Amino acid sequence: MKSVIVIGGGAAGMMAAIGAAREGASVTLLEKNEKLGKKIYITGKGRCNLTNACDLPEFAEHVVTNRQFLQSALHGFTNADGMPVKTERGNRVFPVSDKSSDVIRALERECRRLRVAVRLHTEVKSIRTEAIAEKPESGDEASAAASKKKKSKITATARSTGVVLSDGTVLASDAVILATGGLSYPTTGSTGDGYRMAKALGHGVTRLVPSLVSLTARESFCATLAGLSLRNVSVRFCNKDGKVLREEFGELLFTHKGISGPVVLTATAFAADALVGGTCEIDLKPALSDEQWNARVLRELEAGKSRQMKTVVGVFAPAALGAELLTVSGIDPAKTAGSVTREERMRLAGAFRHLTLHIDGMGGFNEAVVTKGGIEVSEVNPSTMESRLVKGLYLAGEVLNVDATTGGFNLQIAWSTGMLAGRKAAKQEA
């Protein structure tokens, strides 16, 4: 019976433990926190958006980094596998109970059923390895080995033999699965331990930045509008040189410091911190042409000639937003609609189509949904999740340089890579 150690009791780690145990391995799951699944507990605002119900080709389109690497994992454990669920707007999938704790309990029950040894309050210091001894090869074997080496370009020179705990205790195993998460939400235990351990074994780690995170803006009116959600708006993000980085359509949320919501989170997934120093241009009426919109504004002003502009603008937007748009347009809110000049009307119409914010920062890892960057996937076998540098070492979840947009995609990546790593770790060749 193979012995497998899993480092990390999050989504990928628990799934890896289950996958390995189902294949008959003796599994030990090590978690430094006081309980399993701390990050799962807060996902989807406590409801756990555990996957997305779109088909796999569409799913792949939402993977931002290294989508091809994930093909085997996503086909091996799909978004159709799992517990009773319900599907909501945007194909977001949640447990029927609306409780993330039920997802965690289901995983814990399966670990108990499979007799996975769970050790909490157990921190891993390092992964133990031993050098792989070179053995003489026949002519055919040497030729095959050379061909394999040329194809992979990376040849393992070491083998994992277990782990060393923070108190110095050594635990031996046939395979180790590294599933410690990234840097997002460090209060849940995601403090970059996996990157440190992987680097110590020779793995490359890319630049790490927050992703699926809010943006801060220079404009003070964001604080006034905090909590206001705008649906069906078109948003254009440009860098400091005016180059368009991303265009999104959907829902935007104002915060005390700037903006958030699906369109913003998605933009950070694709453009990351390149957005900082640039602009965000919001079109509040994207369904209308400029001619149609200008005609509608004129029509409403003429219909309410005797009313103050702060009242008339409420036809087009929530009161707080309307007041800010009047300020941007340089129009006195107490002015009657009938006294608005053509120039003022055109400025107001333009403000609705081109409400511009200047982005001066982005949220940190403490609020980022995922980490962009991670262990170089060129050093990992996508068919097994095994390290190409260290035999018997498998990697899964956010610790890898893979990430996707918001909507349950990242959690599915954790489930899929974890399950694949567990299954293959249990079956690895000696």
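The structure contained in this document is the topic of the report that follows.

Here is what the cut-offs are and how they apply
- Residues numbered from 1 in each chain as written.
- Predicted model: local features only at pLDDT ≥ 70, side-chain atom pairs only at ≥ 80, totals over all residues.
- Heavy atoms only, no water.
- Pairing = 2+ DSSP bridges.
- Helix = DSSP H or I, 4+ residues; strand = E, 2+ residues; numbered from the N terminus.
- Axes fitted to C-alpha atoms, helices over the stretch in contact; angles between N-to-C directions.
- Parallel < 35°, antiparallel > 145°, perpendicular 65-115°, else oblique.
- Left-handed = near helix turned anticlockwise from the far one by under 90°.
- Contact = heavy atoms within 4.5 Å.
- Nonpolar A, V, L, I, M, F, W, Y, C, P; charged D, E, K, R; others polar.
- Buried < 20%, exposed > 50% of the residue type's maximum accessible area, 1.4 Å probe, protein only.
- Phe/Tyr/Trp six-rings, centres within 6.5 Å; stacked < 30°, edge-to-face > 60°.
- Lys NZ or Arg CZ within 6 Å of the ring centre and 35° of its normal.
- Salt bridge = Lys/Arg side-chain N within 4 Å of Asp/Glu carboxyl O.

### Thoughts on the sheet that holds strand S14 (residues 229-238)
Line of reasoning, step 1. Within the closed barrel, the six strands sit side by side as S13-S16-S15-S14-S17-S18. Their pairing is antiparallel. Recorded for the sheet is a direction-independent mean angle of 45 degrees between the axes of neighbouring strands.
Line of reasoning, step 2. Both S14 and strand S17 (residues 279-283) contribute to a ladder of five bridges, which runs antiparallel. Note that in S17 the partner of Phe237 across the bridge is Cys280.

### A word on the packing of helix H10 (residues 290-303) against helix H13 (residues 342-353)
Line of reasoning, step 1. Two elements in contact, H10 and H13, have axes whose closest approach is 10 Å; the angle formed by their N-to-C orientations is 125 degrees. Here H10 lies oblique to H13, going by the angle between them. Every pair of crossing elements has a handedness; the one defined by H10 and H13 is right-handed. Of the residues in H13, those touching H10 at Asp290, Trp293, Asn294, Val297, Leu298 and Leu301 are Arg345, Met346, Ala349, Phe352 and Arg353.
Line of reasoning, step 2. Considering only residue class, the contact of H10 with H13 consists of seven nonpolar, one polar and three charged.

### Comments concerning helix H7 (residues 193-200)
Line of reasoning, step 1. Those residues of H7 not exposed but buried are Asp193, Gly194, Tyr195, Met197 and Ala198.
Line of reasoning, step 2. As for H7, its buried residues are in contact with strand S1 (3-7), strand S8 (124-131), strand S11 (175-178) and strand S19 (370-372).
Line of reasoning, step 3. Following H7 by one or two positions, Gly202 adopts a phi angle in the positive range, close to 100 degrees.

### Observations concerning the pairing of S11
Along any regular strand the residues' side chains alternate between the sheet's two faces.
Line of reasoning, step 1. Along S11, one buried face is formed by Ala175 and Ile177 and the opposite face, lined by Val176 and Leu178, is buried too.
Line of reasoning, step 2. Taken together, the four bridges between S1 and S11 define a ladder with parallel strand orientation. For Val6, the partnering residue across the bridge sits in S11 and is Ile177.
Line of reasoning, step 3. Inspection of the sheet shows S11 paired to strand S21 (residues 393-395) by three bridges, in the parallel sense. The residue of S21 that forms the bridge with Leu178 is Leu395.

### Topic: the packing of helix H12 (residues 319-329) against H13
Line of reasoning, step 1. Between H12 and H13, the least distance of the axes is 9 Å, while the angle of their chain directions is 125 degrees. Here H12 lies oblique to H13, going by the angle between them. Judged by the sense of rotation from one axis to the other, the crossing of H12 with H13 is right-handed. Of H13, the residues touching H12 (which contributes Leu325, Leu326, Val328 and Ser329) are Arg347, Leu348, Ala351 and Phe352.

### Some remarks on the packing of aromatic side chains
Line of reasoning, step 1. Within this structure, the stated rule accounts for four aromatic pairs.
Line of reasoning, step 2. The interplanar angle of 75 degrees and the centroid separation of 5.1 Å between the aromatic rings of Trp293 and Phe316 together place this pair among those described as edge-to-face. With Trp293 in helix H10 and Phe316 in the loop between helix H11 (309-312) and H12, this residue pair connects regions lying 23 residues apart in the sequence.
Line of reasoning, step 3. Residue classification places Phe316 among the buried residues on the basis of a relative accessible area of 7%.
Line of reasoning, step 4. An aromatic cluster of three or more residues is present, and its members are Trp293, Phe316 and Phe352.
Line of reasoning, step 5. Lys35 extends its terminal NZ or CZ atom over the ring of Tyr41, reaching a point 5.3 Å from the ring centre.
Line of reasoning, step 6. Its guanidinium or amino end placed over the ring of Phe94, Arg47 lies 3.9 Å from that ring's centre, counting from NZ or CZ.

### Digging into unusual backbone geometry
Line of reasoning, step 1. A positive phi angle, near 65 degrees, is found at Cys48, a position not held by glycine.
Line of reasoning, step 2. With a phi close to 55 degrees, Asn66 is a non-glycine residue in the positive phi region.
Line of reasoning, step 3. Within the element layout of this structure, Asn66 appears in the loop between strand S4 (63-65) and helix H4 (71-76).
Line of reasoning, step 4. The exposure class of Asn66 is partly exposed, given its relative accessible area of 29%.

### Some points on the pattern of salt bridges
Line of reasoning, step 1. Tallied over the full model, the rule gives 20 salt bridges.
Line of reasoning, step 2. Here Glu398 makes a salt bridge to Lys39, at a shortest N to O gap of 2.7 Å. With Glu398 in the loop between S21 and strand S22 (403-404) and Lys39 in helix H2 (residues 38-42), this residue pair connects regions lying 359 residues apart in the sequence. Each member of the pair, Glu398 together with Lys39, is buried.
Line of reasoning, step 3. Bridged by salt links that share partners, the residues Arg47, Lys86, Glu88 and Asp98 form one connected network.

### Digging into the environment of Pro382
Line of reasoning, step 1. Mapped onto the secondary structure, Pro382 falls in the loop between S19 and strand S20 (390-391).
Line of reasoning, step 2. Judged by its relative accessible area of 23%, Pro382 falls in the partly exposed class.
Line of reasoning, step 3. Each C-alpha atom, one on Pro382 and one on Val118, is 27 Å from the other, the two residues being 264 residues apart in sequence.
Line of reasoning, step 4. The contact partners of Pro382, leaving out residues within four places of it in the chain, are Phe69, Ser72, Arg388 and Leu420.

### So, the sheet that holds strand S6 (residues 92-95)
Backbone-to-backbone hydrogen bonds join strands into a sheet, with any given pair of strands oriented parallel or antiparallel.
Line of reasoning, step 1. Here we have three strands laid out as an open sheet, ordered S3-S6-S5, and antiparallel in their pairing. Looking at strand neighbours, the two that pair on one side only are strand S3 (51-52) and strand S5 (85-88), the edges of this open sheet.
Line of reasoning, step 2. Note that S5 and S6 share four bridges and pair antiparallel. Bridge pairing in S6 places Thr87 opposite Val93.

Geometric values such as these leave the question of function open.
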